[in-house]
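Descriptive structure summary
The chain contents come next:
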Amino acid sequence: ATSVIDAANPRAIAVLPFQNEGSDKNTDFLRLALPDEIANALSYVPSFSIRPFATTSKYNGPNLDLEQAGREMGVNSIVTGHYLTEGNQLEVTMEAVDVANNRSVWRDTISVPTSDRIAMREQVTARVRQGLVPVLGGSSASKEVGTGPKSEEAYDLYLRSIAIPHDVGPNKDAIAMLERAAGIDPSYAPAWEALGLRYYYDAAYGGGGEQMSRRSDSAFERALALDPNLNVAAGQLITSNVERGELFKAYSAAQTFVKRRPESASAHFTLGFVLRYAGLLNDAARECDTALKLDRGNYQFRSCSWAFIQLGQPQKAMEFVRLDAGSEWAARQTAFILMGQGKLVEARQTIQRTSDAPLM
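Rules and cut-offs
Counting starts from 1 at the beginning of each chain's written sequence and moves along it residue by residue. In keeping with the predicted nature of the model, local features appear solely for residues at pLDDT of at least 70, side-chain atom pairs appear and are counted solely at 80 or more, and the whole-chain, interface and lining totals rest on all residues. As a convention, hydrogens and water are excluded, and side-chain values are obtained from all of the structure's heavy atoms. Labels follow the DSSP assignment, with helices taken as runs of H or I lasting at least four residues and strands as runs of E lasting at least two, numbered in each case from the N terminus. In this analysis, the expected span of each helix is defined as 1.5 Å times one less than the number of residues it contains. The buried label goes to any residue with under 20% of its type's maximum accessible area, the exposed label to any with over 50%, and the partly exposed label to all in between, with areas taken from a 1.4 Å probe on protein chains only. In what follows, a contact means two residues having at least one pair of non-hydrogen atoms within 4.5 Å. Paired rings are identified among Phe, Tyr and Trp, the last through its six-membered ring, by centres lying within 6.5 Å, and are further divided according to the angle between planes into stacked (under 30 degrees), edge-to-face (over 60) and tilted (the rest). The convention used is that axes are lines fitted to C-alpha atoms, helices contributing only their stretch in contact, and that angles between N-to-C directions extend from 0 to 180 degrees. Working definition: roughly parallel below 35 degrees, roughly antiparallel above 145 degrees, roughly perpendicular at 65 to 115 degrees, and oblique for all remaining angles. Under the scheme applied here, ten amino acids are nonpolar (Ala, Val, Leu, Ile, Met, Phe, Trp, Tyr, Cys and Pro), four are charged (Asp, Glu, Lys and Arg), and all others, including Gly, are polar. Along the chain, pLDDT gives the predictor's confidence residue by residue, from 0 to 100. Within this scheme a cavity is a closed region of a 1 Å grid, computed over the protein atoms alone, that accommodates a 1.4 Å probe without allowing it to escape, whereas a pocket is open but has protein on both sides within 12 Å along at least five of seven lines; lining residues each have an atom within 4 Å of a point. Grid points are joined across faces, edges and corners, and a volume is the space filled by probe spheres set on the points. Paired strands, in this sense, are two strands between which DSSP finds at least two bridges. Definition used in this section: a nonpolar core is a set of buried Ala, Val, Leu, Ile, Met, Phe, Trp, Tyr and Cys residues joined via side-chain atoms within 4.5 Å. Any carboxyl oxygen of Asp or Glu that lies within 4 Å of a side-chain nitrogen of Lys or Arg is treated as forming a salt bridge with it.

1. Structural notes on helix 9 (residues 231-243)
With 13 residues, helix 9 should cover 18 Å at 1.5 Å per step; its first-to-last C-alpha distance of 19 Å lies within 8% of that length. By the burial criterion, the buried members of helix 9 are Asn231, Ala233, Ala234, Gly235, Gln236, Leu237, Ile238, Thr239, Ser240, Asn241 and Val242. Buried residues along helix 9 sit against helix 7 (189-205), helix 8 (209-226), helix 10 (247-260) and helix 11 (265-277). Count one or two residues on from helix 9 and you reach Gly245, which has phi positive near 90°.

2. Focus: the packing of aromatic side chains
Tallied over the entire structure, the rule returns 9 aromatic pairs. Consider the rings of Phe269 and Phe273, whose centres lie 6.1 Å apart with planes at 55°: the pair is tilted. Taken together, the residues Phe269 and Phe273, both in helix 11 and 4 residues apart, mark about one turn of the helix. Of the two residues examined, Phe269 and Phe273, each falls in the buried class. Arranged with centres 5.4 Å apart and planes meeting at 55°, the rings of Trp306 and Phe336 form a pair that is tilted. Taken together, the positions of Trp306 in helix 13 (residues 305-310) and Phe336 in helix 15 (residues 328-340) put the pair 30 residues apart, joining distant regions of the chain. Trp306 sits in the partly exposed class, given a relative accessible area of 26%.

3. Side note on the packing of helix 14 (residues 314-321) against helix 15
Direction vectors running N to C along helix 14 and helix 15 enclose 175°, while the axes themselves pass 10 Å from each other. Considering the angle they form, helix 14 stands roughly antiparallel to helix 15. Contacts between helix 14 and helix 15 involve Pro314, Ala317, Met318 and Val321 on the former and, on the latter, Trp329, Ala330, Gln333, Thr334 and Ile337. Split into classes, the residues belonging to the contact of helix 14 with helix 15 amount to 7 nonpolar, 2 polar and no charged.

4. Brief notes about the confidence of the model for the protein
Mean pLDDT over the protein works out to 88, with 94% of the residues at or above the 70 mark. Below a pLDDT of 50 lies the segment residues 1-9, which in the model reaches 14 contacts outside its immediate sequence neighbourhood of four places, other chains included.

5. Some details on empty space enclosed by the protein
Scanning the model with the defined rule gives 1 cavity of 30 Å³ or more in all. Forming the walls of the largest cavity are Pro149, Ala154, Tyr155, Tyr158, Ala181, Ala182, Asp185, Tyr188 and Ala191. If you list the elements that add at least two residues to the lining of the largest cavity, you get helix 5 (152-162) and helix 6 (168-184). When residues in the lining of the largest cavity are grouped by element, the largest group, 3 residues, is from helix 5. Partitioning the lining of the largest cavity into residue classes produces 8 nonpolar, no polar and 1 charged.

6. A word on the pairing of strand 4 (residues 77-86)
Counting buried residues along strand 4, 7 of its 10 residues qualify, which places the element largely inside the surrounding structure. As defined by bridge partners, strand 1 (residues 11-15) adjoins strand 4 across 3 bridges and the pair is classed as parallel. Note that in strand 4 the partner of Val15 across the bridge is Val79. Strand direction decides the pairing type here: strand 4 and strand 5 (residues 89-98), joined by 10 bridges, are antiparallel. When the bridges of strand 5 are listed, Leu84 appears paired with Glu91. Between strand 4 and strand 5, which pair antiparallel and follow one another directly, the connecting turn spans 2 residues, one of which, Gly87, has a positive phi of 60°.

7. Description of the nonpolar core
Counting 89 residues, the largest nonpolar core has Ile38, Leu42, Met94, Met120, Val128 and Tyr158 as its most contacted members. Counting residues per element, this core draws most heavily on helix 7, which supplies 10 residues. Discounting chain neighbours no more than four positions away, the residues touching Met120 are Leu30, Leu34, Leu90, Ile110, Val112, Tyr155 and Leu159. Counting residues in each nonpolar core, the second largest holds 11 residues, with Tyr59, Leu66, Met73 and Ile78 among its members.

8. Looking at the pattern of salt bridges
Tallying each qualifying case throughout the model produces 18 salt bridges. Across the pair Arg121 and Glu37 runs a salt bridge, and its minimum N-O distance is 3.6 Å. One end of the pair, Arg121, is in helix 4 (residues 117-135); the other, Glu37, is in helix 1 (residues 30-42), with 84 residues separating them in the sequence. An identical accessibility class is assigned to Arg121 and Glu37; each is buried. The salt bridge partner of Arg51 is Asp295, with a shortest N-O separation of 3.3 Å. Note that Arg51 is positioned in the loop between strand 3 (48-50) and helix 2 (53-56) and Asp295 in the loop between helix 12 (281-294) and helix 13, a separation of 244 residues in sequence. According to the relative accessible area criterion, Arg51 is buried, its value standing at 5%.

Okay, structure coming up:
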């Protein structure tokens, strides 16, 4: 029998990109959109810890070693799948693998009209809640949680936006799609959360500045008003308050966030972020370590490296920089760490790997 695991010892689950087994390239966006919906459905089970998209999206090849991927991400279970469009039908197969024993523990297939994305979502989430959740040791949630999409066109735009990169140019395209989606169907919380994140990236890296930062906040507030369980929106609102200097407000919200979701890596990261800005570096470092233990590969925790730089622990700082290896941000941060160690030649070599973008 499956034993139910309590919130203090969460079951760690990764949902990987799906494989498109057909020749229709126009449905490629579903490779990321389908796992996103499955991860969303699983995230409402309190005893589950779901690896975020930032961690899982790099595991996208057809012949993955699931055991190794599971070890690298520190998860007990991996959900994978594939889909095929034939005529006007879309067939989706989902499978869950127990990583330790390398065996399939659940498999299910749905078939829906290709044009009916809302029916696709309803069937996927229903099978996940009724079939997959109990198998993975959660209590089956039969009632609808969160908000559902009401417009086929808006939902299609939302799904397509998921696969768009966060670099400055493409991010602006995603903003346009999500603004349209939220305009058509303003009651669908995930679209507001996704829009808030896109605005935030534009404010921080795309020159959007204060105006985009304000828009980001109001999109997250709108998302949370519709669905208080959206962790990304909750965490981002708190970090935004910190960056504005509203430390007391942010600290109390971050403490509440950790109390509400003690198993959430992003809740601990968020509290660590607040503590770092407050100058409580040892406390910040402890929260960062907890976040990393709960979610070993999440590049979004990279800024924890600042706490360890300020504590004079360059090796530890590099552990967090390596979460985002290969990025311009990582090259810049590595140069800071090397300068702190007096290694100027190596720092100069590293900084040359960043572009000439003014921010860098």
